Amino acid sequence: VRAVRQRESERPLRVVVGVSDAMPKVVVSHILEPLFRLGGRVRVICREDRADRLLAALAVHEVDVVLADAPTPAHLRIRTFDHELGSCGVTLVAAPPLARRLRRGFPASLEGAPLLVPGSGTTLRALVEMWCERHGVHPVVAAEFDDSALAKEVAASGVGAMVVPSVIAKEVARRPGRRRVADLDGVEERFYAVSAERRIAHPAVRALAESARSDLFSSDGG
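Thresholds applied
Residues numbered from 1 in each chain as written. Predicted model: local features only at pLDDT ≥ 70, side-chain atom pairs only at ≥ 80, totals over all residues. Heavy atoms only, no water. Helix = DSSP H or I, 4+ residues; strand = E, 2+ residues; numbered from the N terminus. Rg over C-alpha atoms; globule rule 2.2 N^0.38 Å. Contact = heavy atoms within 4.5 Å. Areas by Shrake-Rupley, 256 points an atom, 1.4 Å probe, with all protein chains shown as cover. Polar contact = N/O pair within 3.5 Å; in protein donor to acceptor, adjacent residues only side chain to side chain. Pairing = 2+ DSSP bridges. Axes fitted to C-alpha atoms, helices over the stretch in contact; angles between N-to-C directions.

Here we take up the overall build of the chain. Regarding its fold elements, the chain presents eight helices and eight strands. Radius of gyration (C-alpha) of the chain: 19 Å, near the 17 Å computed for a compact globule of 222 residues. In terms of principal-axis extent, the alpha carbons of the chain reach across some 60 × 40 × 25 Å. In the chain, the share of contacts with a sequence separation of at least 24, taken over all contacts with a separation of at least 6, comes to 82%. By element, 48% of the accessible surface of the chain is carried by carbon and sulfur atoms, the whole surface being about 11,200 Å².

Set out below in structure tokens:
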């Protein structure tokens, strides 16, 4: 942050952030918030795409950092470095009538209940499926979404319950049409800033990583 502020008399510091399409957008906005607070001293450019495409762009320095919910897959054979920003639990939320019904006898209440799930192949989808298997419950997949923001809107209409990172669960549940049901015990979602260097050199990327570790993910639930 000090390095960024020293550039006040210069042109804004430019940082290109690749955002994996599997990342919850509310989490992304919180991760980027320290840069927005610097006003015009930093110009943030966000590129949203599939993680593999963003990592390829990172390798040729088209983006400065990639925010993702999983480390770089080994099969990509790209030289990158995964810097863990933090982790948090996972919380089930739903429209008020469905939330009240699911709280009774949870987790058995999830048997046959409508669920809105992340797209297949995502880390969170796999975590939710393993949790359901461990507890012996079989919810009905009402719909699956690549866009978590769209899933939240559909959840508010009562179509089904959905999972969100616990670090933003209170914020999500404060909005109209969504209430907290319960945490999925033993489920933990991790978030990463992926860079092309072992030690993050870009001052803006270093600032967002340090802020995420010390503030956003310092205590589960935000």
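Mapped onto the elements, H202 comes out in the loop between β8 (179–195) and α8 (203–216). Here A204 takes part through its backbone nitrogen, which lies 3.1 Å from a polar atom of the side chain of H202.

Moving on: the sheet that holds strand β7 (residues 161–165). Spatially, eight strands are ordered β2-β1-β3-β8-β4-β7-β5-β6 in an open sheet, and the strand pairing comes out mixed. The sheet terminates laterally at β2 (42–49) and β6 (140–145), the two strands that pair on one side only. On average, each strand axis in the sheet is inclined to that of its neighbour by 30°, with strand direction left out of account. Here strand β1 (residues 13–20) pairs with β2 via eight bridges, running parallel.

Where strand β3 (residues 65–68) and β8 come together, three bridges link them in antiparallel fashion. When the bridges of β8 are listed, V66 appears paired with V194. The pairing of strand β4 (residues 81–94) with β8 spans 12 bridges and is classified as antiparallel. The residue of β8 that forms the bridge with G89 is E188.

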